[in-house]
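# Examining the three-dimensional arrangement
Chain by chain, the residues run as shown.
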Amino acid sequence: MEYILNAWSWYISGPLIAVVMALLLYFGKTFGMSSNLRTMCSIMGAGKTTSFFKFNWKDQIWNLIVVLGAIIGGFIATQYLSNDSLTDLNPTTITELQNMGFENSGATLVPNEMYSMEALTSPKGLLLLVLGGLLVGFGTRYAGGCTSGHAITGLSSLQRPSLIAVIGFFIGGLIMTNFILPLIF
Amino acid sequence: MKYLKFLLVGIFFGIVLVKSEAVSWYRIYEMFRFQSFHMYGIIGTAIASGILFLQISKRGTIKSLKGADIFVPKKEKGFSRYIIGGTLFGFGWALIGACPGPMYILLGTGVYSMVIVIAAAILGTYIYGAIKDKLPH
């Protein structure tokens with residue numbers, strides 16, 4: 001039980017993510033979480049004005065069910081399968097974040113400085129979440145996939161476009177973390 | 001009933017991503033600062049296992065539930081969309097510390113402000129759809 005309650009090592013977790021991809025392929029579907037965002041646009045009627053959203057979203061219900069499962073999975077994992085152990089971060093990371101004003105690094109999954117209700121009430125806090133969401137939603141559709149679609153499925157099937165996209169993911173991520181985040185905080 | 005298997009896969013996915021800490025904002029930060037091998041290990045072993053699975057299934061030994069060949073759709077050819085779109089996605093990924101899967105999973109763990117991120121991501125997707133013909137692909 002202790003093995004389940006503690007954080008899982010990368011060499012267990014990585015192959016288990018591949019199992020998710022394999023199961024969906026076995027069911028005749030593809031692993032890609034960002035397509036749900038497009039489906040939701042379509043459900044809300046975006047197809048009336050934009051042809052990109054004009055498709056039969058009912059064919060995508062299975063993928064929305066995966067999302068629903070993921071939410072439930074997140075709940076189960078935190079409520080029943082976790083102890084209160086901290087994320088085992090590099091001490092350098094913790095010091096760096098402390099200097100930027102982040103307290104209790106690793107005690108939660110996301111920093112309170114960005115996600116707590118107090119952070120939300122400040123214009124800056126709200127803006128950061130909205131901006132981040134916009135970039136993720138816009139970028140992932142522009143690139144035709146996200147981490148699951150390109151990094152896992154695309155690279156596993158040795159596709160060149162996915163390699164280019166993943167290089168893009170890292171260019172953006174490296175610039176944000178190393179140069180922009182220190183300016184924001 | 002035909003959706004039950006998808007619900008179970010989703011639950012499994014959510015549990016794995018929480019227990020692996022791949023949904024942790026801090027792990028994403030650490031990855032982009034090259035201060036930990038953890039995320040690289042997860043992504044690397046996921047891809048290695050994925051390649052192994054797809055190579056074996058290519059030989060026809062693994063069929064889908066309906067008996068068809070295991071099939072991964074081909075991505076369109078191109079460069080601009082992948083590098084520009086990918087970079088913009090990377091900005092967002094590193095800022096909020098979550099990509100589309102973890103956004104939902106984190107909501108399940110009780111990070112309710114994630115609703116704002118998800119709503120913004122839907123809006124971002126809509127903006128792409130509205131202006132896509134004007135963008136280089």
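Residues numbered from 1 in each chain as written. Chains lettered and ligands numbered in written order. Predicted model: local features only at pLDDT ≥ 70, side-chain atom pairs only at ≥ 80, totals over all residues. Heavy atoms only, no water.

Looking at an unreviewed UniProt entry, one finds chain B named YeeE/YedE family protein, with Flavivirga spongiicola as its source organism.

Under the annotation held in an unreviewed UniProt entry, chain A carries the name YeeE/YedE thiosulfate transporter family protein and is attributed to Flavivirga spongiicola. The Subcellular location (unreviewed entry) comment attached to chain A in UniProt states, word for word, "Cell inner membrane". We quote the UniProt Sequence similarities (unreviewed entry) comment for chain A here in full: "Belongs to the TsuA/YedE (TC 9.B.102) family." (UniProt positions renumbered as here; feature names shortened; annotations may be inferred.)

With that out of the way, let us pick up the overall build of chain A. From N to C terminus, chain A includes 10 helices and 0 strands. Starting at the N terminus, the α and β elements of chain A follow one another as α-α-α-α-α-α-α-α-α-α. Structurally, chain A occupies a C-alpha span of about 50 × 45 × 35 Å along its principal axes. Every one of the 185 residues in chain A was classed for burial, and the buried ones make up 52%. Contacts in chain A between residues far apart in sequence, at least 24 positions, make up 48% of those at least 6 positions apart. A total of about 8,400 Å² of accessible surface is found on chain A, and carbon and sulfur atoms cover 65% of it. (Helix = DSSP H or I, 4+ residues; strand = E, 2+ residues; numbered from the N terminus. Buried < 20%, exposed > 50% of the residue type's maximum accessible area, 1.4 Å probe, protein only. Contact = heavy atoms within 4.5 Å. Areas by Shrake-Rupley, 256 points an atom, 1.4 Å probe, with all protein chains shown as cover.)

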